[in-house]
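# Residue-level structure breakdown
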Amino acid sequence: MDVAFRVIADHVRTLSFAIADGIQPGNTDRNYVLRRILRRAVRYGRTLGFHQPFLHLLVDVLAETMGGVFPEIGKRKQQVQDVIRREEESFNKTLDGGLRIFEDMLRIRAGATKVFDQLQSRMEVVTEVEFDPELGVDHEAVAALYEAAKLVADFIDTID
């Protein structure tokens, strides 16, 4: 937990100074580095139970503490808070959506594994029965069952 607090404090300081200097989070070069720093701080915040934007709230303390050394932070405090808040809100939506997709994938994988296990146990019986000439097995149906089992197995491999 101590690490999370230190990471968040360091990242808020970095974000605030960079934004006060005119750098905006974005998709290229230093802008993307800034975005990644913010996202890392948000993820550490999640480990502490923060699910709503909180980083922008720390800018007041930073401006008060560091304003004498870095006066731009005091002059542009509101702008810095607005940029961090907007970026954090956006990332929280993305993160929440991604977590829902991940949870769905885990459920799908569990379901696919169950289907595969059921198919596999049936395949064992079919394999024994298939070669008994007295039973008149539909070989096309058996081939389709084998293909279905292979498709399920291939699907499970893609989500491992």
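Residues numbered from 1 in each chain as written. Predicted model: local features only at pLDDT ≥ 70, side-chain atom pairs only at ≥ 80, totals over all residues. Heavy atoms only, no water.

## What about the overall build of the chain?
- Of regular secondary structure, the chain possesses six helices and zero strands.
- Going from the N terminus to the C terminus, the chain shows its helices and strands as α-α-α-α-α-α.
- Sorting the 160 residues of the chain into buried and exposed places 31% on the buried side.
- Counted over contacts in the chain with a minimum sequence separation of 6, partners at least 24 positions apart contribute 67%. (Helix = DSSP H or I, 4+ residues; strand = E, 2+ residues; numbered from the N terminus. Buried < 20%, exposed > 50% of the residue type's maximum accessible area, 1.4 Å probe, protein only. Contact = heavy atoms within 4.5 Å.)

## Re the packing of helix α1 (residues 2-20) against helix α3 (residues 59-66)
- At a closest axis distance of 10 Å, the pairing of α1 and α3 adopts a crossing angle of 75°. Overall, the two elements α1 and α3 adopt an arrangement that is roughly perpendicular. Residues Val-12, Arg-13, Ser-16 and Phe-17 of α1 lie in contact with α3, whose contacting residues are Val-59, Leu-62 and Met-66.
- Residues that form the contact of α1 with α3 fall into these classes: five nonpolar, one polar and one charged. (Axes fitted to C-alpha atoms, helices over the stretch in contact; angles between N-to-C directions. Parallel < 35°, antiparallel > 145°, perpendicular 65-115°, else oblique. Nonpolar A, V, L, I, M, F, W, Y, C, P; charged D, E, K, R; others polar.)

## Remarks on the nonpolar core
- Within the largest apolar cluster, 24 residues are counted, with the highest numbers of intra-cluster contacts made by Leu-55, Ile-73, Val-80 and Ile-84.
- Every element with two or more residues in this core is listed here: α1, α2 (29-47), α3 and α5 (77-130).
- Looking at this core element by element, the count peaks at six residues for α1.
- When near neighbours in sequence (up to four residues on either side) are disregarded, Ile-84 contacts Leu-15, Ser-16, Ile-19, Leu-38, Leu-55, His-56 and Val-59. (Core = buried A, V, L, I, M, F, W, Y, C linked by side-chain atoms within 4.5 Å.)

## Let's talk about the side chain of Glu-88
- For Glu-88, the position within the fold is in helix α5.
- If we skip the residues at most four places from it in the chain, Glu-88 touches Leu-38, Val-42, Gln-52, Pro-53, Phe-54, Leu-55 and His-56.

## Some remarks on the packing of aromatic side chains
- Applying the stated criterion across every chain, the model contains two aromatic pairs.
- Judged by centre distance (4.5 Å) and plane angle (40°), the rings of Phe-17 and Phe-70 are tilted. With Phe-17 in helix α1 and Phe-70 in the loop between α3 and α4 (71-75), this residue pair connects regions lying 53 residues apart in the sequence.
- The buried category is assigned to Phe-70, whose relative accessible area is 16%. (Phe/Tyr/Trp six-rings, centres within 6.5 Å; stacked < 30°, edge-to-face > 60°.)

## Topic: the pattern of salt bridges
- As enumerated under the stated definition, the model contains seven salt bridges in all.
- The salt bridge involving Asp-2 is made with Arg-6; its shortest N-O contact spans 3.2 Å. Of this pair, Asp-2 and Arg-6 are both found in helix α1, four residues apart, which corresponds to roughly one turn of the helix.
- Under the relative-accessibility criterion, Arg-6 is labelled exposed at 51%.
- Among the salt bridges present, the one from Arg-46 reaches Asp-96, with a minimum N-O distance of 2.8 Å. Here Arg-46, found in helix α2, pairs with Asp-96, found in helix α5; they are 50 residues apart in sequence, far enough to count as distant.
- On the basis of relative accessibility, which here comes to 13%, the residue Arg-46 falls in the buried class.
- The partly exposed category is assigned to Asp-96, whose relative accessible area is 31%.
- Several salt bridges converge on common partners, so that one network encompasses Asp-82, Arg-85 and Glu-89. (Salt bridge = Lys/Arg side-chain N within 4 Å of Asp/Glu carboxyl O.)

## Remarks on α1
- Its 19 residues place the ends of α1 27 Å apart at the C-alpha level, agreeing with the 27 Å of an ideal helix rising 1.5 Å per residue.
- Every buried residue of α1 is listed here: Ala-4, Val-7, Ile-8, His-11, Val-12, Leu-15, Ser-16, Ala-18, Ile-19 and Ala-20.
- Gly-22 sits one or two residues past α1 and shows a positive phi near 105°. (Expected span 1.5 Å × (residues − 1).)

## Some thoughts on α3
- Among all positions of α3, only Val-59, Leu-62 and Ala-63 are buried. Taken end-on, α3 shows its buried residues confined to a sector of 100°, consistent with a single buried face. Facing away from the buried side of α3 by more than 90 degrees, the exposed set consists of Val-61, Glu-64 and Thr-65. (Arc of directions from axis to C-beta.)

These figures capture arrangement, not role.
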